[in-house]
Amino acid sequence: MKRVVFDTNTVVSASFWKGAPMECLRSWVDGRCEALVSPAILMEYVEVTDRLQAKYPDRKPVRWAAALGASAELVFPNVRLRGVTSDPDDEMFLECAVAGEAHFLVTGDKRHLQTLGEVRGVRIVSPVAFLGILRMEE
């Protein structure tokens, strides 16, 4: 089974809107992949979801952050990947993925993460690409 780290934009997009990010999270719920998180990632999911909830008070988000916190595999990264990406805030996703031996980091971040393609054996893909990979396995 594919092990995957979902970055914040994927989880938050799935929380407020439909589309490929939501389908990625549903693939986890359906048991088609295993999700990995770290304490820092969980904190960021909650903080960003709360900020968007304040910005869109009429929207009722799906509580993906809480679900991932309760059921995803918790990883405590023991590796640091400083300078791998031009955005230091993204390093925690790479560190979790590498430490948790993830197959994929699923992200909508085209500028800082998707351009890397792969880091230490972890493929970095868009939500649409990840769904395509899952479909090919069926």
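Residues numbered from 1 in each chain as written. Predicted model: local features only at pLDDT ≥ 70, side-chain atom pairs only at ≥ 80, totals over all residues. Heavy atoms only, no water.

Colleague: Provide a residue-level description of the overall build of the chain, including the pertinent values.
Modeller: For the chain, the count of helices and strands is 6 helices and 6 strands. Along its sequence from the N terminus, the chain presents helices and strands in the succession β-α-α-β-α-α-β-α-β-β-β-α. Over its C-alpha atoms the chain spans a radius of gyration of 14 Å, differing by no more than 12% from the 14 Å that the globule rule assigns to 138 residues. Oriented by its inertia axes, the alpha-carbon framework of the chain measures out at about 40 × 35 × 30 Å. Buried positions account for 49% of the 138 residues belonging to the chain. Sequence-distant contacts, at least 24 apart, represent 65% of the contacts inside the chain between residues at least 6 apart. Total accessible area on the chain is roughly 7,200 Å²; 51% of this is exposed by carbon and sulfur atoms. With 17 positive and 19 negative side-chain charges, the chain shows a spacing of 5 Å between the two charge centroids. (Helix = DSSP H or I, 4+ residues; strand = E, 2+ residues; numbered from the N terminus. Rg over C-alpha atoms; globule rule 2.2 N^0.38 Å. Buried < 20%, exposed > 50% of the residue type's maximum accessible area, 1.4 Å probe, protein only. Contact = heavy atoms within 4.5 Å. Areas by Shrake-Rupley, 256 points an atom, 1.4 Å probe, with all protein chains shown as cover. Lys, Arg positive; Asp, Glu negative; His and termini not counted. Charge placed at Lys NZ, Arg CZ, Asp CG, Glu CD.)

Colleague: Go over the sheet that holds strand 1 (residues 2–6) with me, naming the residues and quoting the values.
Modeller: With mixed pairing, the 6 strands of this open sheet are ordered in space as 3-2-1-4-6-5. Edge positions in the sheet fall to strand 3 (73–74) and strand 5 (118–119), since each of these pairs with one other strand and no more. Relative to strand 2 (residues 33–37), strand 1 is paired through 3 bridges, and the arrangement is parallel. Following the sheet pairing, Val4 is matched in strand 2 by Ala35. Against the sheet, helix 5 (residues 91–99) engages strand 1, strand 2, strand 4 (104–106), strand 5 and strand 6 (122–125), with an angle of about 165 degrees to strand 1. (Pairing = 2+ DSSP bridges. Axes fitted to C-alpha atoms, helices over the stretch in contact; angles between N-to-C directions.)

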